[in-house]
Structures are given as structure tokens and as C-alpha cells.
Amino acid sequence: VLCLPPRRRDARIQQPTQSRRRDETMTTVPAARPLLRSLLREARGMTDYNFRSYAIRRVKAGFDSGRNLQGEEAAAALRDGATQLEVLRRQAALGRMYSSGRSVME
């Protein structure tokens, strides 16, 4: 009689749950990576050293804190990140229009 061992049956039962979690993560990862790159690119484009270092630190901390989010929480965090990208773009444009002198740190 061919019979599967109990571990294999258990693994088959648990597999949809694991794949569902993987699918939720996989839908947010492709959307999060370009957002992270865009935020960092805009942050590095800031002209003032203090604003630039603050923006880079803030972007990295935000993505670290949202690393384990899934489902609707992750989608809400991505929407918030997109609005933060727009704010960062406006700040960078203002910084280029009204630039100040070089900082001692630069």
C-alpha cells in the first residue's frame, strides 16, 4: 500500500497558507523597491547637507519600520510613501530655487 508519510500531508496542508503569505509579500516588494529608489534619488538631490542627510535617514528608517507589513497595511504604507515622494520632490525643487551657501560639512 502506498501511503504518504504524515509530514508530507501536513506540508501540503500548510503550503497554501505559506504561498498566500509569499504572494502578499511578492505583490508589495516590486512596488516598494522602485519607491525606495525614487525616494533615495530625490533625497540625494537635495542641495543642503542637513536636509539631504535628514531625508536619506528618514527614508531608510521608514522602510526599515515597514519591512514586516503585509496586506492592507503594506498597501497603505506604499500610498503614504508615494505622497512623501511628492513632498520630497517639492522640497528639492524649492531647495534648488532658493539655494544657500555651502555648508561646513560639505
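Trainee: Just to check I follow, could you spell out the pattern of salt bridges for this structure?
Mentor: Two side chains that carry opposite charge are able to pair once their charged atoms sit near each other. In this structure the tally under the stated criterion is four salt bridges. Note that Arg89 and Glu42 form a salt bridge whose closest N and O atoms lie 3.7 Å from each other. Residue Arg89 is found in helix α3 (residues 72–97), and its partner Glu42 is found in helix α1 (residues 6–44); the two are separated by 47 residues along the sequence. What you see here is one network of salt bridges that share partners, running through Glu42, Glu86 and Arg89.

Trainee: Explain helix α2 (residues 49–65) here, please?
Mentor: Structural remark: α-helix, 3.6 residues per turn; residues separated by three or four positions point the same way. Across its 17 residues, α2 extends 24 Å between first and last C-alpha, which sits within 8% of the 24 Å expected from 1.5 Å per residue. When we look at burial in α2, the residues that qualify are Arg52, Ala55, Ile56 and Val59. Mapping the buried residues of α2 onto a view down its axis gives an arc of 95°, with all of them on the same face. With respect to the buried face of α2, the exposed residues turned more than 90 degrees away are Arg57, Arg58 and Ser65.

Trainee: I keep staring at the confidence of the model for the protein chain and nothing clicks. Help me out?
Mentor: Close inspection of predicted coordinates is inappropriate for parts of the model with low pLDDT. Per-residue confidence for the protein chain averages 78 on the pLDDT scale, and 71% of its residues sit at or above 70. Confidence scores differ between elements of the protein chain, with α1 showing the lowest mean pLDDT of 66 and α2 the highest of 92. In this model, residues 8–12 is a region of pLDDT below 50 whose contacts with residues beyond four sequence positions or in other chains number three contacts. Confidence drops under a pLDDT of 50 for residues 19–26, and excluding neighbours within four residues, the segment shows three contacts in the predicted structure.

Trainee: Help me understand α3 in this model?
Mentor: Between its terminal C-alpha atoms α3 stretches 38 Å, which fits the 38 Å expected from 26 residues at 1.5 Å a residue. Residues of α3 that are buried: Ala74, Gly81, Leu85, Leu88, Ala92 and Gly95.

Trainee: Would you mind going over the layout of surface pockets with me for this structure?
Mentor: In this approach the atoms are scanned with a rolling probe the size of a water molecule, which exposes any empty space left behind. Within this model, the largest pocket holds a volume of roughly 990 Å³. Together, 33 residues line the largest pocket, and Leu39, Val59, Gly62, Phe63 and Gly81 are the ones closest to its centre. Sorting the residues of the lining of the largest pocket by element identifies α1, α2 and α3 as the ones contributing at least two each. Among the elements that make up the lining of the largest pocket, the one with the highest residue count is α2 (10 residues). Looking at the lining of the largest pocket residue by residue, the class counts come to 17 nonpolar, 10 polar and six charged.

What counts and what doesn't
Residues numbered from 1 in each chain as written. Predicted model: local features only at pLDDT ≥ 70, side-chain atom pairs only at ≥ 80, totals over all residues. Heavy atoms only, no water. Salt bridge = Lys/Arg side-chain N within 4 Å of Asp/Glu carboxyl O. Helix = DSSP H or I, 4+ residues; strand = E, 2+ residues; numbered from the N terminus. Expected span 1.5 Å × (residues − 1). Buried < 20%, exposed > 50% of the residue type's maximum accessible area, 1.4 Å probe, protein only. Arc of directions from axis to C-beta. pLDDT = per-residue confidence, 0-100. Contact = heavy atoms within 4.5 Å. 1 Å grid on protein atoms, 1.4 Å probe; cavity = no way out; pocket = protein on both sides within 12 Å on 5 of 7 lines; lining within 4 Å. Points joined across faces, edges and corners; volume = space filled by probe spheres on them. Nonpolar A, V, L, I, M, F, W, Y, C, P; charged D, E, K, R; others polar.

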